[in-house]
Amino acid sequence: MPIDPQLALWLAAAAAVGLAAAPAAAAAVERWPRGEAVLRPLPGLSRSALALAPACAAAAAGGVLARGPGLGGVGAAALLLALVPVVLIDIRHRLIPDVLVLPAAAVALAAAVAAEPARWWVPAACGLGAAAFLLVPWLVRPGAMGLGDVKLALAMGAALGASVVPALLAAFAAAAAACGALVVRHGARARGTAIPFGPFLAAGAVVGLLWGPALLGWLAGGAP
């Protein structure tokens, strides 16, 4: 089946942007945990930049493929592209950098507002609602949730709109399954084990992008 020429052009452009952003993503992964500046990419073609290049290109193109050509694809691509270094940093250091998440949230929100100016409040409300949803466990038990996760939820809501609801549900379900597996394997010792929530939010974002509208319909109508 032939690919729509417009979609092919957008996919190529998104992949090129992802490749161009790979050195900056690698710089964030290597420098941010040490407290160094991340806005300046690593000199030359570092190994880490080359390793991240395919993931960054696939993430940006995947956002366009999921949402189609246009501003919706731009917001989705910005979110997925930011998630590449975010997941790596969170796995290694249990932290999510504002310098990656907040620009992605701004781009996603601007793209969504530009796409539907009359409904500007929808992505804003979804972003704030998602952030508030994760802020509650942080307020109740700060050690159970980081503020980086809250800000990542903000970016997800801005990019996904109402689909952030099944995205967050999928993230919590996956995290609960992982915690259950740890308890089965390690018993009571697993209770004090801290696991990064960023990768689960990233997985939830993918679920929201691919199946969000269908899951929303299922949730609204109930299981048959």
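Quick note: structure is the one above.
A quick note: this is a predicted structure, and the numbers were derived from the prediction, not measured. (Residues numbered from 1 in each chain as written. Predicted model: local features only at pLDDT ≥ 70, side-chain atom pairs only at ≥ 80, totals over all residues. Heavy atoms only, no water.)

**Q** Give a detailed account of helix α5 (residues 121–140), specifying residues and quantitative values.
**A** The terminal C-alpha atoms of α5, which comprises 20 residues, lie 28 Å apart, in line with the 28 Å expected from a rise of 1.5 Å per residue. Regarding α5, the residues found buried are Val122, Pro123, Cys126, Gly127, Ala130, Ala131 and Leu134. (Helix = DSSP H or I, 4+ residues; strand = E, 2+ residues; numbered from the N terminus. Expected span 1.5 Å × (residues − 1). Buried < 20%, exposed > 50% of the residue type's maximum accessible area, 1.4 Å probe, protein only.)

**Q** Talk me through the nonpolar core; I want residue IDs and the actual numbers.
**A** Formed by 50 residues in total, the largest nonpolar core has its most connected members in Leu79, Leu152, Met156, Phe197 and Leu201. Of all elements in the fold, only α1 (5–31), α2 (47–67), α3 (71–93), α4 (98–115), α5, α6 (147–160), α7 (164–186) and α8 (198–221) reach the threshold of two or more residues within this core. In terms of residue count, α3 provides more of this core than any other element does, 9 residues in total. Beyond its immediate chain neighbours, meaning those up to four positions away, Met156 contacts Leu79, Gly161, Val164, Ala167, Leu168, Leu201, Gly204 and Ala205. (Core = buried A, V, L, I, M, F, W, Y, C linked by side-chain atoms within 4.5 Å. Contact = heavy atoms within 4.5 Å.)

**Q** Let's hear about the packing of aromatic side chains: which residues, and what values?
**A** In this structure the tally under the stated criterion is 3 aromatic pairs. Arranged with centres 5.7 Å apart and planes meeting at 85°, the rings of Phe133 and Phe172 form a pair that is edge-to-face. In this pair, Phe133 sits in helix α5 while Phe172 sits in helix α7, placing the two residues 39 residues apart along the sequence. What makes Phe172 partly exposed here is its relative accessible area of 31%. Ring plane angle 55° and centroid distance 5.0 Å describe the contact between Phe172 and Phe197, whose orientation is recorded as tilted. (Phe/Tyr/Trp six-rings, centres within 6.5 Å; stacked < 30°, edge-to-face > 60°.)

**Q** Give me the lowdown on the pattern of salt bridges, citing residues and values where you can.
**A** Any two side chains of opposite charge can pair if their charged atoms end up close together. Applying the stated criterion across every chain yields a total of 2 salt bridges. Taking the shortest distance from any N to any O, the salt bridge between Asp98 and Lys151 comes out at 2.8 Å. With a gap of 53 residues between them, Asp98 in helix α4 and Lys151 in helix α6 connect regions that are remote in the sequence. Salt-bridge contacts for Arg119 lead to Glu116; the nearest nitrogen and oxygen are separated by 3.6 Å. You can call Arg119 partly exposed: its relative accessible area is 42%. (Salt bridge = Lys/Arg side-chain N within 4 Å of Asp/Glu carboxyl O.)

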